[in-house]
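Reading the structure
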Amino acid sequence: MKKNGIFARLGLLLTMVFLYAPILVLIVFSFNDSKSRTVWQGFSLKWYLKLFDDSRILNALVTTVEISVLAMIVSTILGTMAAIGFFNMRKRPRAILMAINNIPMTNADIITGVSLMLLFVFAAGAFNATLGSLFGVEIRLGFFTLLLAHITFDIPYVILSVLPKLNQCDPNIEEAAQDLGATPWLAFRKVVFPEIRPGVLNGAIMAFTMSIDDFVISYFTAGSGASTLAMEIYAMTRKRISPEINALSTLLFVVVLTLLAVVNIRSAREEKAAAKREALLRQKN
Amino acid sequence: MKKKYLAIPYVGWMAIFVIVPLILVVGYALINRDGQVTLDNFRTMTQYLGAFTTSFRLAIIATVICLVIGYPVSLWLAREGAAVKRIAMIAIMLPMWMNFLLRTYAWMSLLENTGIINTLLKNIGLFDLINRVFGTQLSYFPMINTPGAVVLGMVYNYLPFMILPIYTVIDKIDPKVIEAAEDLGAPPVMVFRKVIFPLSLPGVLSGITMVFIPAVSTFAISKLLGGGMTLLLGDLIEMQFYGSAYNPYLGSAISLVMMVIVLICMAVMNHFGEGEGEAVYF
Amino acid sequence: MSKELIRLTNVSMVFDGETTVLDNINLYFNDAEFLTLLGPSGCGKTTTLRIIGGFQKPTSGDVFFDGVRINDVPPYKRQINTVFQKYALFTHMNIYENVAFGLRISKTPEDEIRKRVDEALSMVNLSGYEKRSVNSLSGGQQQRVAIARAIINRPKVLLLDEPLGALDLKLRKGMQTELKKIQQQVGITFVYVTHDQEEALTMSDTIVVMNEGRIQQIGTPIDIYNEPKNAFVANFIGESNIVDGVMEQDYSVSFANRTFECVDKGFARKEAVDVVIRPEDLVISAPERGQIIGKVESVVFKGIFYEVMVAGETFTWKVQTTRAPAVGQLVGLSVEPDNIQVMHKS
């Protein structure tokens, strides 16, 4: 293919400006010494300090992390099991189950959220009217329903990142391990799992980020019992617009940047090692 | 083998948390407050035809803009060297790691009447100039709380979803295929029309899907940038579940209709893209 | 001579209740034997191997190992190891760990592991490769690692599923001799699956020719080549001219519009038979001295011989000869009675 001309380069540059200018402005004004989000009045960290005093935000942060970690753990385990199960099924049932699995991903978030909300409200209502009233317990939408919803929309991503690894796996390695004396469980632990581990890890990371990032589904399934960071941000932008949000955005962005940098440096290193191996191999042949 | 039974817990999970909820949506859509089976919800919905048309209009506009920007950007990106590609892809993905509410919020301070853009234009004397020439009393451009701002918010939030699949597909095209076309005497325009574009269609289709679905169903973007002036489907649904208008029956009916329309759109589109290979999902 | 090790009796395999993959297989093999299951793809040879290895259970029939029925013994409890088609090496382990895997599972002491891994690697000429990663090895080397890994547990039987299929021709030839050498060195039974008849003829003590889930013939390579039992075997092993004939009486068969003397007997009178003649057994002569007369259709140089197609009255014969006739020339073909193989129609 031919190389890019000045026009194309300019186009790419403008796209980058479009993508980053708002974020940059956001970050700059997080350090502004006034409530104004348009006029610069000097450097200050006061919005950051205020942020750390905001118990609502801090509580929401804790809830978000708890939900994300728990949802990640459960969905990684369930999803990996399901991927292995799907992989060992015949074509037809697998196709049907994969189609259902894809529903939460292809459906609009709001529909997933609303439908789960209906389920939770319905189930809670049914429970409270029967068993609940019997024992004097009342179920309400909150942390637990939020967790169920997160697991539901996380698992498809785990499955989608584990399945390709299973496909890549030499179908015989598990048999090879058993052939050499490993019980089925040992064969899985020692041979199959190490081979699919990158997919499982990737799935876990994806599940975690999806959970951290989610707003719409949480909004409909948390009821009044729990609040995530994204929900808190929504509430703030709706009511009390303040540079606190800028400060929060900046912090989150820095965290994401650092995480990405770490992951990227690691994978770059791995790529380098792989390239080296390849070169060695080529030399030999 | 018995390994397929490992899927049982998740199959059960899907039944409870994917299938049953959708059945509930259908069920709620078909009953009223008193639990009677009725089509009233769909009749009431006709009052909100405006929200349907606005939603689809804005989502289609946003999708088209994303495509018009995203396609050439993907094409240009694919032509860059490996190092530029890598950095540019990270740069394009990066904003997606920021919550979309924050990204949307970022535009609020830019678009406000006393926001940065208007302040900037004022400071360079643009409004004075216009007022002098046209005799107007302009002190700002109204940008926020307009349908335009909503579309901008959609484009800004979902543009990477358009670029990513298209770029991935174009980048995977074997350069030898293009060389072969050139070798056979095809001029660049022809190479694009006959080789690159058809091969990139699966990416375009999944890009359109990934932009259109969240755009047509959004409620937060319209709340933040439209200021409640533009009522979208998402807002309408949200109002039925959380708000003074609490009416999950109507909300379910609207959700159902929206889901069906979107499904039909996707089916029609995928039908056109058939035989072009599978769409790429992330 | 040596004692029987594995026996399959009336083994059948039906997939999904409809596709019959194996149809009543009866087979045994001895200790320290090199046995090859030979046949075209889909003939059931790999399924037979997997049943012996324990990866699949036969729909009916029994498998015996050393006289004990092992139908329900899982693979990890069988004294049988396998070299898989695409090696199935563990890519997350280095060469040493791959080979040591079987010993680690059985919790063998570390110094014993080291000794035996060294031994196994030197047997496959890979000493010094311990620390290398699987992906840094060539196909042939990976093949050797797979063999070393499979023999480390000192199995009684080694199953090899088309182990040389992925290698190029030259490497394959080298590995054939090497495999045979390893087999003799460790002195265990090799059950080898291949679709390559030449490979089978070169390496085996016994060949089992299979087709469509049935055993066609069991015998030594020489038996199978010289005395194919039916047209399928004749056609599959080496090249053959197979024509329709009629058995006139004992020692007399007619085909190509004339009657030939032959060495076969015991057929019904006037039984329709298949007659097989190897291309190298047909001799070209002057037309008047031949038993069959034909016109040379084509002559192709094949390296050590010419392949000549001779169109006779009823059949176009394939002949291998070292002296090429001219295309279009009329020639005679003759064949010795003991080179005519008569077999029942299958």
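Residues numbered from 1 in each chain as written. Chains lettered and ligands numbered in written order. Predicted model: local features only at pLDDT ≥ 70, side-chain atom pairs only at ≥ 80, totals over all residues.

When helices and strands are tallied, chain B shows 13 helices and 0 strands. Of the regular secondary structure in chain B, the N- to C-terminal order runs α-α-α-α-α-α-α-α-α-α-α-α-α. Here the C-alpha coordinates of chain B stretch approximately 80 × 70 × 30 Å along the principal axes. The 282 residues of chain B split such that 43% are buried. (Helix = DSSP H or I, 4+ residues; strand = E, 2+ residues; numbered from the N terminus. Buried ≥ 20, exposed ≤ 12 C-beta atoms within 10 Å, placed from the backbone.)

Assigned secondary structure in chain A consists of 11 helices and 0 strands. Over its C-alpha atoms chain A spans a radius of gyration of 24 Å, topping by over 25% the 19 Å that the globule rule assigns to 285 residues. Considering only C-alpha atoms, chain A reaches an extent of 70 × 70 × 35 Å along its principal axes. Considering chain A as a whole, with its 285 residues, one finds that 41% of them fall into the buried category. Pairs at least 24 apart in sequence give 75% of the contacts found in chain A among residues at least 6 apart. (Rg over C-alpha atoms; globule rule 2.2 N^0.38 Å. Contact = placed C-beta atoms within 7 Å.)

Residue and element names in this part refer to chain C. What the 6 strands build is an open sheet, ordered β6-β7-β8-β3-β9-β10; its pairing is mixed. A single partner strand is all that each edge strand has here, and the edge strands are β6 (80-83) and β10 (214-219). The average undirected angle you get between the axes of adjacent strands in this sheet is 20°. In this sheet, strand β7 (residues 157-161) lies alongside β6 in parallel orientation, the contact comprising 4 bridges. Directly across from Thr82, in β7, lies its bridge partner Leu159. (Pairing = 2+ DSSP bridges. Axes fitted to C-alpha atoms, helices over the stretch in contact; angles between N-to-C directions.)

A word on the nonpolar core. The tendency in soluble globular proteins is for nonpolar side chains to be buried as a group. Of all hydrophobic cores here, the largest spans 238 residues; its most connected members are Ala62(B), Tyr158(B), Val211(B) and Val191(C). Counting residues per element, this core draws most heavily on helix α8 (residues 147-172) of chain B, at 17 residues. Of the residues that make up this core, three or more belong to each of domain 1 (4-231) and domain 2 (239-344) of chain C. Not counting chain neighbours up to four residues away, the residues in contact with Val191(C) comprise Phe29(C), Leu35(C), Leu37(C), Leu49(C), Ile52(C), Val157(C), Leu159(C) and Leu160(C). (Core = buried A, V, L, I, M, F, W, Y, C linked by C-beta atoms within 7 Å. Domains from an automatic or database assignment.)

With that settled, the discussion passes to the interface of chain A and chain B. On the side of chain B, 62 residues touch chain A, which itself brings 57 residues to the contact. Only α1 (6-30), α3 (55-87), α4 (91-106), α5 (109-135), α6 (143-168), α10 (229-238) and α11 (243-284) of chain A provide two or more residues apiece to the side of chain A that touches chain B. A total of 11 residues in the side of chain A that touches chain B trace back to one element, the largest contributor, which is α1(A). Looking at side-chain class alone, the side of chain A that touches chain B contains 41 nonpolar, 12 polar and 4 charged residues. (Nonpolar A, V, L, I, M, F, W, Y, C, P; charged D, E, K, R; others polar.)

Next up on the list: the pairing of strand β2 (residues 19-30) of chain C. Residues and elements named next belong to chain C. Note that strand β1 (residues 4-15) and β2 share 8 bridges and pair antiparallel. Paired with Leu8 across the two strands is Leu27, which belongs to β2. Hairpin connection from β1 to β2: 3 residues lie between these consecutive antiparallel strands, with Asp16 at a positive phi of about 55°.

Residues and elements named next belong to chain B. Running from amino to carboxyl end, helix α3 (residues 49-79) crosses α8 at an angle of 40°, the nearest separation of the two axes being 7 Å. Judged by the angle between their axes, α3 and α8 are oblique. Seen along the crossing, α3 lies across α8 with a hand that is right-handed. Of the residues contributing to the contact of α3 with α8, the split by class is 24 nonpolar, 2 polar and 1 charged. (Parallel < 35°, antiparallel > 145°, perpendicular 65-115°, else oblique. Left-handed = near helix turned anticlockwise from the far one by under 90°.)

All names here are of chain C. Read from one edge of the open sheet, 4 strands run β2-β1-β4-β5, paired in antiparallel fashion. In the strand order of this sheet, the two ends are held by β2 and β5 (68-69), each with one partner. As defined by bridge partners, strand β4 (residues 60-65) adjoins β5 across 2 bridges and the pair is classed as antiparallel. Note that in β5 the partner of Phe64 across the bridge is Arg69.

Attention now moves to unusual backbone geometry. Residue and element names in this part refer to chain C. The residue Asn257 is not glycine, and still its phi comes out positive at about 60°. Turning to its location among the elements, Asn257 is positioned in the loop between β12 (252-255) and β13 (258-261). Unlike most non-glycine residues, Lys270 shows phi in positive territory, near 60°. Here Lys270 is to be found in the loop between β13 and β14 (271-277).

In terms of burial, helix α12 (residues 233-241) of chain B is largely enclosed, as 8 of its 9 residues are buried. Within the sequence span of α12(B), burial applies to Leu233(B), Gly234(B), Asp235(B), Leu236(B), Ile237(B), Glu238(B), Gln240(B) and Phe241(B). If you follow the buried residues of α12(B), they end up packed against α5 and α9 (216-221) of chain A together with α3, α10 (188-217), α11 (220-225) and α13 (248-272) of chain B.

Attention now moves to the interface of chain C and chain A. Taken together, the 22 residues of chain C in the interface contact 21 residues of chain A. Contributions of two or more residues to the side of chain C that touches chain A are made by β6 and α2 (95-105) of chain C. Residue contributions to the side of chain C that touches chain A peak at 3 residues, all from α2(C). Residue classes in the side of chain C that touches chain A are distributed as 8 nonpolar, 12 polar and 2 charged.

Take the confidence of the model for chain B next. All names here are of chain B. Overall, the prediction assigns chain B a mean pLDDT of 87, with 96% of residues at 70 or greater. Taken element by element, the predicted model of chain B shows its lowest mean pLDDT in helix α9 (residues 175-183) (85) and its highest in helix α1 (residues 8-29) (95). Note on residues 275-282: pLDDT is under 50 here. Beyond four places in sequence and across chains, it has 16 contacts. Predicted complex metrics record ipTM = 0.88 and pTM = 0.83. (pLDDT = per-residue confidence, 0-100.)

The next subject is the arrangement of the chains. Ranking the 2 pairs of chains in contact by contact count places chains A and B at the top. With no contact formed, the shortest span from any C-alpha in chain B to any C-alpha in chain C equals 10 Å.

Let us now look at the packing of α1(A) against helix α5 (residues 100-111) of chain B. α5(B) packs onto α1(A) with a crossing angle of 80° between their chain directions and a minimal axis gap of 9 Å. The orientation of α1(A) with respect to α5(B), classified from their angle, is roughly perpendicular. From α1(A), Pro22(A), Ile23(A), Val25(A), Leu26(A) and Phe29(A) reach across to α5(B), where they touch Ala106(B), Trp107(B), Ser109(B) and Leu110(B). Along the lines of polarity and charge, the residues of the contact of α1(A) with α5(B) split into 8 nonpolar, 1 polar and no charged.

Bringing the environment of Leu27(C) into the picture now. Residues and elements named next belong to chain C. Position of Leu27 among the secondary structure elements: in strand β2. C-alpha of Leu27 to C-alpha of Ile6: the two residues are 21 residues apart in sequence and 8.2 Å apart in space. When sequence neighbours within four positions are dropped, the list of residues in contact with Leu27 reads Leu8, Val208 and Ile215.

Attention shifts here to the environment of Thr206(C). Residue and element names in this part refer to chain C. As for its placement among the helices and strands, Thr206 is situated in strand β9 (residues 206-211). For Thr206, a count of 20 C-beta atoms within 10 Å translates into the label buried. A C-alpha to C-alpha distance of 9.7 Å links Thr206 and Val191, two positions 15 residues apart in sequence. Ignoring sequence-local partners within four residues, the contact set of Thr206 consists of Phe29, Glu33, Leu35, Ile218 and Thr220.

Moving on, we come to the environment of Asn167(A). Residue and element names in this part refer to chain A. Topologically, Asn167 is positioned in helix α6. Classification of Asn167 as exposed rests on a count of 11 C-beta atoms within 10 Å. Taking C-alpha positions, Asn167 is 9.5 Å from Ile196, a pair spaced 29 residues apart along the chain.

The next point concerns α5(A). Working note: α-helix, 3.6 residues per turn, so residues spaced by three or four point in the same direction. Maximum bend of α5(A): about 50°, positioned at Asn128(A). Positive backbone phi, at 70°, marks Gly136(A), one or two positions downstream of α5(A). (Bend = angle between axes of the 7 residues up to and from the residue.)

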